[in-house]
Each structure stands twice: as structure tokens, then as C-alpha cells.
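Notes for the structure review
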Amino acid sequence: MRVERIEIRHTKMELVSAFETSMGVEATEDHIIVRVDGDGLTGWGECAVEEFPLYSSETVQTAWSVLHDCLIPAVLGRRIERVDEAVALWSKFRGHRMAKAGLEQALWDALAKAQGLPLSKMLGGTRDRVPVGVSVGLQASPEVLVRKVAAHLEEGYRRIKIKIAPGRDLELVRAVRREFPEILFQVDANSAYDLSFTPLFRAMDDYDLLLIEQPLSHEDIYDHSKLQKELQTPICLDESIHSAADARAAVELRSCRIINIKPGRVGGFLESMAIHDFCAANGIPVWHGGMLESGIGRAGNVALASLPNFTLPGDISASRRYYKQDIVEPEFVLGPDSTMAVPTGPGIGVEVLPDRLDKVTERREEFRSS
Ligand code: OSB
Ligand code: MG
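Procedures and definitions
- Residues numbered from 1 in each chain as written.
- Chains lettered and ligands numbered in written order.
- Predicted model: local features only at pLDDT ≥ 70, side-chain atom pairs only at ≥ 80, totals over all residues.
- Heavy atoms only, no water.
- Buried < 20%, exposed > 50% of the residue type's maximum accessible area, 1.4 Å probe, protein only.
- Helix = DSSP H or I, 4+ residues; strand = E, 2+ residues; numbered from the N terminus.
- Pairing = 2+ DSSP bridges.
- Donors = N, O, S within 2.8 Å, 3.2 Å for Na, K, Ca; no water.
- Contact = heavy atoms within 4.5 Å.
- Axes fitted to C-alpha atoms, helices over the stretch in contact; angles between N-to-C directions.

Observations concerning the pairing of strand 10 (residues 258-261)
Covered by surrounding structure in strand 10 are Ile258 and Asn260 together with Ile259 and Ile261, the residues of both alternating faces. The pairing of strand 9 (residues 235-237) with strand 10 spans two bridges and is parallel. Among the inter-strand pairings, Cys236 is bridged to a residue of strand 10, identified as Ile258. Pairing between strand 10 and strand 11 (residues 286-288): three bridges, direction parallel. Bridge assignment links Ile259 to a residue of strand 11, and that residue is Val286.

Structural data, given as C-alpha cells:
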């Protein structure tokens, strides 16, 4: 296709309930939605950036600037037949992986539509349903957390992840495990600890956790290898893995036994697939993380999670767990056995609702090839 027009929008969507983690509290979610048009095709993507550089160093402003100055000029007016051609055009620009991933997704969507194929098939997906779970933020007390978990189990989620933070950790793990002895259960620290907390993580070995996600620094791989040696519970890295090269370092150093893949964090689906394949070849299971995406990003996540080595349940919940109204149709719903159906229509397989998108748009800019 020839890339004739690109539009980016800063969107702000109100969350159904505030999401608290060791990084802070969010009541609204800011992202960038990317639209690419050419040859009568339209593709959609989402940059999973946030308002502040808390999870990642990228923000709405940095991604906007890099899209505007670097990534959009690299592809606008060009003929792109395969996504790797676009990635080659912007690969000289370092970092800014969430910005790249949003534009990459829009190109994948348009190119999949050009072939009449669902994105899942383009990426090499092999399943029509993917196992999913729910990520529960920090709550006011262990009792409130247990009630929240009970409500999600009632909705049909079979895997629960809770957020932990220093001083709000073992007590929460104990409370949830006592109440629900059988559930698939894991924790996410979002980099809030250091090696001095090794005894705390050893104590978590008694609670049959599936994994402990990103206990140490967001930039660390080495200290995680020291911690993993002391634990029976697998460590799973999230923040520290930005590329297939990072995944190789982490696996070779035995810093983790599981990896969380988020296309935004690693720069798109191509890099996600490289990590997926490396992990598959090395006996490391992967699962799909989430960034509270709208239905546009979620559609991409579900498609990617249909690849064969995504064997653990993903942080991919129903649209309603995040937003009162999604900006796509049909919205994502929880299916039987805590699974979600992979869209089967061409591209991302969901329709973007223009009025809903307009309602959540804070700023918009359009770029046309001459
Ligand atoms: O660490 O996995 C994380 C949300 C925002 C930033 C980081 C993370 C998360 C989540 C939510 O845990 C997962 C979801 O989208 O359901
Ligand atoms: Mg995480």
C-alpha cells in the first residue's frame, strides 16, 4: 500500500475504577491512537504510553513528538508491502518503542486487511481462544482486596494477579491465598524492591504463586539472577525486557523463568514475535501483559496472544473491566473457561466507532503525503 495519510490522536478515557500500583494511582488512561490510510484501506494502532513516565520513560508527549518528527516522516508517501520494510525505515531511531509499536500496529492492520486476513493469522497465531486473567490494583485493605478478587472470580476470571508494594505485600498474598486456596495466583511488584527484600520473596514460596513479576529495578537483569537463585517461585520479567536481546540475556543469566510480552514495551509485534520464538526454543513460557488498552490495542494483544508459546493466561480482560464504553465494536467479553475469543475479521477484526473516538480525543493531528 502507499501510505497516503496518517492521523494521530491523544485520547483520554476514564477508568471504571482507579488503578493503584507501586508506581502510583491512575483514574484516567491517556494513550495515542494512530490511523493510517492508503489504497482505500484504513489501519488502526494504539501507543500504550501514559501521561507520566512511571512505568516506562515514554509519555504521550514524547511519543507524539517522535511520531511527528521521525516515524511518520519515515513512512509517509512510501509504498509499504510488509511491516519489516517500515521497521527498517525507522530502526535508526533509538528507543521510543511504544511510539513505534502504535504505528507498526496500524500498518499491520491495514496490510492484513489488504490480504483479507485476520491479524492473528498474519502474526502466526494458532488458537481461536486465548486464556486470560485479571490484574487487580492495590486496594484500601486486605479485606477490600479479597472482596474484589471474589467479584472477579464470580465474573469468570480464573487467574488473578495482584499488585504489591513495600509494606503491602505478604499480608495481601496471605489473605488472598487463605480465602482462595485453589486459584491460579501471581503478584506484580512493578520494580518496587531491591535485593535486601530477598527474605520477603523467599517467604512467598509458601503460597504457591505462578510467578513473581518484576520484583527489582526496571533496568535490572543481573540482580534478578541473584534473586531467582534464592527462590522456588519463578520470576517473570516485564519492565526489564525491551528486546529479544534482553530476553536472551535474562534467560542465559537465569534471571527469570517466564517472560511477559507487551508489544508497546518492545517496539511492536515483530520484536514480540522474536521474543516469543526465542523463548519457545528455550523452554521459557510467555504470557501477554496489558497496559489498560482501549479495544484497538486490546485487539492487537489478543491476536498476538494466539501464538503457541503464550501458554500462561494474559492480562487481557473484558472491555468492561477497564472502561464503561469502549471505542470499538464488538467490545471484548470474557468467554468460557476464562478465555477470550480471537477476532476473525480482517485486520484487528473490530470496528472503531468514530463518535466514541471523537468523544475521548484531546488533540488530533493529520499528515498527508504530497
Ligand atoms: O505492570 O503489568 C503491568 C498496567 C499499566 C502499567 C503496567 C502494568 C499494568 C497492569 C494492567 O498490570 C494489566 C491490564 O491491562 O489489565
Ligand atoms: Mg507488570
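Past the structure itself, the notes keep going.
Let's talk about the coordination of the magnesium ion (ligand 2)
Of the protein atoms, only Asp188 (OD), Glu213 (OE) and Asp238 (OD) coordinate the magnesium ion (ligand 2), at distances of 2.1 to 2.3 Å. Mapped onto the polypeptide sequence, the residues donating to the magnesium ion (ligand 2) form the spacing pattern D-x24-E-x24-D. One end of the pair, Glu213, is in strand 8 (residues 212-213); the other, Asp238, is in the loop between strand 9 and helix 9 (244-252), with 25 residues separating them in the sequence. For Asp238, a relative accessible area of 0% corresponds to the buried category.

Section: the sheet that holds strand 6 (residues 159-163)
Spatially, the seven strands line up as an open sheet ordered 5-6-7-8-9-10-11, and their pairing is parallel. One side of each edge strand has no neighbouring strand; the edge strands of this open sheet are strand 5 (134-136) and strand 11. On the sheet, helix 6 (residues 170-179) packs against strand 6 and strand 7 (184-188) and is oriented at approximately 170° with respect to strand 7. On the sheet, helix 11 (residues 269-281) packs against strand 10 and strand 11 and is oriented at approximately 165° with respect to strand 10.

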